[in-house]
Amino acid sequence: MSTLMIKALTSLLKNTPASLQIITAMIVGLIIGTTTSTVFTGVNEIANAFVMLLQMTALPYISLSLITGIGGLSSAKISSTIKKSLTILLSLIALVLFFILLAPIAFPSWQSADFYSVNTIKTVQEFDLIQLFIPTNPFYSFAHGLIPSVVMFSIFVGIGLMQVRAKKQTLLALIGLNNAIINVSFMVMKLAPLAIFCIALRAAATIDASQIDGLLVYIVTASVLVFLLTFLILPAIVATITPLEYKDILKATRSAMITAFATGSFFIVIPLIVEKTKQLIEKMTISNSNLKSNALIAPSIIVPISFSLPIGGKLLALLFVLFAAWFSGSQVSAGNYLNLLTVGLSQLFGSTSVAMPSLLQLFNVPSSLFELFLVAENLIVGRLGALLSVIFSASLVILIATSILKQFTFKWRSFGKFLIILPAISIIAFISLRFTFDSISYQYQGYKKFIERDFVMLDIKSTVLKSPENVEINSQPYVDVLTRIKQRGFIRVGYFRDDLPYSFHNNEGKLVGFDIEIINLLADDLGVSIEFVRIFHKQAQKLLSSGYLDMTTGVPVLPNNMKELTLTVPYSSQSIAFIVKEERRSEFTDWKTIFSKEELIISIPELYYSENIIKRYFKHSKVWEISTPRLYFKEKYQHIDAMLFGAPTASAWTLLHPEYTVVAPKPAQPPLAMAFAINSEDRAFELFMRNWIQMKKQNNDIDRLFNYWIAGKNPKLLNKQQ
């Protein structure tokens, strides 16, 4: 009985189309991964091996296809082919861009703010189009997978081969080698159902649901956009003006689309797209064998080249710029669309990850949103982009081949049907999205995420005083710090009010924060408890020198603080940034412009105030020292244009006041070091703190706490790092 079942199952699998096997495997993998949240032994290995095997053949295939395809053409043929190809290419790009620019009508009106990110102050690397495309060392380009350089090298070799008189033998050898690579690709694709099952299971099991928060609008909008273009608009256009039917196009590309979506890579399915589109071209009946042979060469040239062009899924990066602008309140107006398209398209010749920081900076969008882009790409948008790239390149090749064959036709019945249905579906889809988003009871979560945090590494017994008590009685100016800590059994630490996220009271009234948990680690190593005392900045020097306080939480290493206080070695740093209203972000993106404005009023909290720096740089603006940053957000102080602050601290305040944003003007300035203030007469404690801070840096305790308290990372991930 079991033998019969095995035979029946084997027969069923043989008769089941490969694409259906892959779809089934992907669905089963997603279901198992979602329900178990466990990546079983061997799943990672199989998934990685499959992707690597496909990558193994893709780059040689791209190069050989371009060399043999271009090398087999004559100069006259390639000239006419280029003209037709460019016209069709630009038309398809314009169509996709139209839908991308239309998509933001789905975006609702939601408030947002985020934790500090190093990308807030990151300097964007200059984009070098020439270096990207011209390979000074082709072998280096092949070894490091620099696709644009490989494509350019292969095009030049193909053009060079065109001019070789006795090129037939060379072409035959290269074509034979390319066919061997194609055979290897099809051998690898036989493993697709098992491999796609493993990839889907891994993706579902390892996804962090919290990452989707704040990205739902972008992900859903991108999904609808890709669905419209991939399954409706592009196939419908091809079916309307070529001899092929709508179902022929989807049937030929479905295996490539499923694999590209599952793996998130258009690159690895290029050989499959080329062979499948060749099969479609073969279906077009034509008596002229020369034209048909020329048309059959087109996929081998166009598809590999298209990988390096700003087409298909790469264009979704422009949608993210529009989303990021909406999300941050830095709207990209319709007048800026032309700038977005011209600059964006040139940037997208390279990697979208490389291009994105420049595009965000161009439109004064917080560069910290770059991390949201990476999250979205890894979650699903990268897969959607690969899916769109498959149908885009296939449509491009079919249209170019139809042009070469002179087989353009116009099916009035199909045109009438699609003309009515597709625009209506598209408009309804985006408007429905807008109504759906607006109907969602959205609540801003940034404040809650910030204020509800508690210690993640160590919670030491402590007491908290709202102000210094019995200062004269508790002062010990002539006893060294380590001795008096040991005698009294606790360390007395001054903390500054409104010093987010270094020290603050959470939703339960508990004193927490980056500095507070560092002090917890210190107290634990000293074997004592803690007494925290809330103080003002101007009280610190007197309370330390009297021996009442043993140390304070962190202060910026600035001339004023260095003159008044003895500071430890730095334990962290802050880059300088402004807090401004969302709508005024563009006014504070450049230091030169800021320094030249006479009408500006800028506030600086007392911890960050430095008279000599103000005199040196802010010669025209009015600069006010304020006792607490809390004043800046009150209605009475709304005439102040901006508050200069440390970027991590500024980000924390925007979580409480999401109508404000953080701007780090360019060029980025050197960061301010943060250090603890201690007694000026105690060299032993200074040496102890120097060695202790160095130890905590080396074992990454301070980095882990920084990632949690300042960067807002998931505490579960931090625990895994320990």
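Quantities reported herein were computed from a predicted structural model and do not represent experimental measurements.

K.L.:
I'm lost on the overall build of the protein chain in this one. Help?
P.N.:
A count of helices and strands for the protein chain gives 30 helices and 14 strands. Residues classed as buried in the protein chain amount to 52% of the 722 residues present. Relative to all contacts within the protein chain whose residues are 6 or more apart in sequence, the contacts with residues 24 or more apart total 82%. As presented, the protein chain carries roughly 33100 Å² of accessible surface, and 60% of it is formed by carbon and sulfur atoms.

K.L.:
Any chance you could explain unusual backbone geometry here in plain terms?
P.N.:
Peptide bonds are, in most cases, trans, and in most cases residues other than glycine have a negative phi. Residue proline 501 is reached from leucine 500 by a cis peptide bond, and omega for that bond is -10°. Mapping proline 501 onto the fold places it in the loop between strand 2 (490-496) and strand 3 (504-505). Positive phi values are uncommon outside glycine, yet asparagine 470 reaches one of about 50°. Looking at the secondary structure, you find asparagine 470 in the loop between strand 1 (462-465) and helix 20 (471-474).

K.L.:
Explain the sheet that holds strand 9 (residues 576-581) here, please?
P.N.:
Whether parallel or antiparallel, the strands of a sheet pair through hydrogen bonds between backbone atoms. Spatial strand order, 11-10-12-9-13: five strands in an open sheet with mixed pairing. Every other strand in the sheet has two partners, leaving strand 11 (622-626) and strand 13 (660-663) as the edge strands with one partner each. Pairs of neighbouring strands in the sheet enclose a mean axial angle of 30°, with direction left out of account. Looking at chain direction, strand 9 and strand 12 (residues 642-646) are connected through four bridges and run antiparallel. Note on strand 12: the bridge partner recorded for phenylalanine 578 is leucine 644. Most of the contacts of helix 27 (residues 647-656) go to strand 12, to which it runs at about 125°, and overall it touches strand 9, strand 12 and strand 13.

K.L.:
Explain the packing of helix 3 (residues 43-71) against helix 8 (residues 168-189) to me, please; I cannot follow it from the model alone.
P.N.:
A pair of packed helices is captured by two measures, namely the crossing angle of their axes and the spacing between those axes. Where helix 3 meets helix 8, the axes come as close as 9 Å, and the angle between the chain directions of the two elements is 155°. With respect to helix 8, the element helix 3 is oriented roughly antiparallel. Here helix 3 runs over helix 8; the crossing is left-handed. Of the residues in helix 8, those touching helix 3 at Phe50, Leu53, Leu54, Met56, Thr57, Pro60, Tyr61, Leu64, Ser65, Ile67, Thr68 and Gly71 are Leu171, Leu174, Ile175, Leu177, Asn178, Ile181, Ile182, Val184, Ser185, Val188 and Met189. Of the residues contributing to the contact of helix 3 with helix 8, the split by class is 17 nonpolar, six polar and no charged.

K.L.:
Please explain helix 10 (residues 216-241) as it appears in this structure.
P.N.:
One turn of the α-helix equals 3.6 residues, which is why residues spaced by three or four share an orientation. An ideal rise of 1.5 Å per residue puts 38 Å on 26 residues; helix 10 measures up with 36 Å between its terminal C-alpha atoms. A maximum bend of about 40° is found in helix 10 at leucine 229.

K.L.:
For this particular structure, what's the right way to read the packing of aromatic side chains?
P.N.:
The geometry of two aromatic rings is summed up by the distance between their centres and the angle between their planes. Under the counting rule described, the total for this entry stands at 23 aromatic pairs. Centroid distance tyrosine 608 to phenylalanine 645: 4.9 Å. Interplanar angle 85°. Geometry classified as edge-to-face. Pair noted here: tyrosine 608 is in the loop between strand 10 (601-605) and helix 26 (611-617) and phenylalanine 645 is in strand 12, with a separation of 37 residues, a long-range link. As far as burial versus exposure is concerned, tyrosine 608 and phenylalanine 645 are alike and both buried. A ring pair is formed by tyrosine 632 and phenylalanine 633, whose centres lie 5.2 Å apart and whose planes are at 70°; its orientation type is edge-to-face. A relative accessible area of 13% places phenylalanine 633 in the buried class. Pairwise contacts between aromatic rings join Tyr502, Phe514, Tyr571, Phe676 and Phe706 into one cluster.

K.L.:
How should the pairing of strand 6 (residues 551-556) be read in this particular structure?
P.N.:
For a regular strand, side-chain orientation follows a simple rule: the groups alternate between the two sheet faces. Taking burial as the measure, the six residues of strand 6 include six buried ones, the bulk of the element. With two bridges connecting them, strand 2 and strand 6 associate as parallel partners. Across the sheet, valine 493 pairs through a bridge with methionine 551, a residue of strand 6. As paired elements, strand 6 and strand 14 (residues 672-678) share four bridges and run antiparallel to each other. The partner of valine 555 across the bridge, within strand 14, is alanine 675.

K.L.:
Would you mind showing me how to read a nonpolar patch on the surface here?
P.N.:
A cluster of nonpolar side chains, Ile105, Ile427, Ile431 and Phe435, forms an exposed patch at the surface whose accessible area comes to about 390 Å². For isoleucine 431, the position within the fold is in helix 18 (residues 412-439).

K.L.:
I would appreciate a short explanation of the confidence of the model for the protein chain in the present structure.
P.N.:
Detail in the predicted coordinates should be disregarded across regions flagged by low pLDDT. Of all residues in the protein chain, 85% attain a pLDDT of 70 or more, and the chain-wide mean is 80. Contacts of residues 121-125 to residues separated by more than four positions or lying in other chains number 14 contacts, the stretch itself having pLDDT below 50.

K.L.:
When you look at the nonpolar core in this model, what are you seeing that I'm missing?
P.N.:
Nonpolar side chains in soluble globular proteins tend to end up buried together. Phe50, Tyr218, Leu318, Leu319, Phe320 and Phe323 are the most contacted members of the largest nonpolar core, which has 131 residues in total. For this core, the element with the most residues is helix 17 (residues 370-405), which contributes 21 residues. When neighbours within four sequence positions are excluded, phenylalanine 50 is seen to be in contact with Val188, Met189, Leu191, Ala192, Ala195, Ile196, Ile199, Thr259 and Thr263. By size, the runner-up hydrophobic cluster in this structure holds 91 residues, among which are Ile518, Val555, Ala650 and Tyr708.

Thresholds, definitions, all that
Residues numbered from 1 in each chain as written. Predicted model: local features only at pLDDT ≥ 70, side-chain atom pairs only at ≥ 80, totals over all residues. Heavy atoms only, no water. Helix = DSSP H or I, 4+ residues; strand = E, 2+ residues; numbered from the N terminus. Buried < 20%, exposed > 50% of the residue type's maximum accessible area, 1.4 Å probe, protein only. Contact = heavy atoms within 4.5 Å. Areas by Shrake-Rupley, 256 points an atom, 1.4 Å probe, with all protein chains shown as cover. Pairing = 2+ DSSP bridges. Axes fitted to C-alpha atoms, helices over the stretch in contact; angles between N-to-C directions. Parallel < 35°, antiparallel > 145°, perpendicular 65-115°, else oblique. Left-handed = near helix turned anticlockwise from the far one by under 90°. Nonpolar A, V, L, I, M, F, W, Y, C, P; charged D, E, K, R; others polar. Expected span 1.5 Å × (residues − 1). Bend = angle between axes of the 7 residues up to and from the residue. Phe/Tyr/Trp six-rings, centres within 6.5 Å; stacked < 30°, edge-to-face > 60°. Patch = residues over 30% accessible without salt bridge, like charges linked within 9 Å, V, L, I, M, F, W, Y side chains within 5 Å. Salt bridge = Lys/Arg side-chain N within 4 Å of Asp/Glu carboxyl O. pLDDT = per-residue confidence, 0-100. Core = buried A, V, L, I, M, F, W, Y, C linked by side-chain atoms within 4.5 Å.

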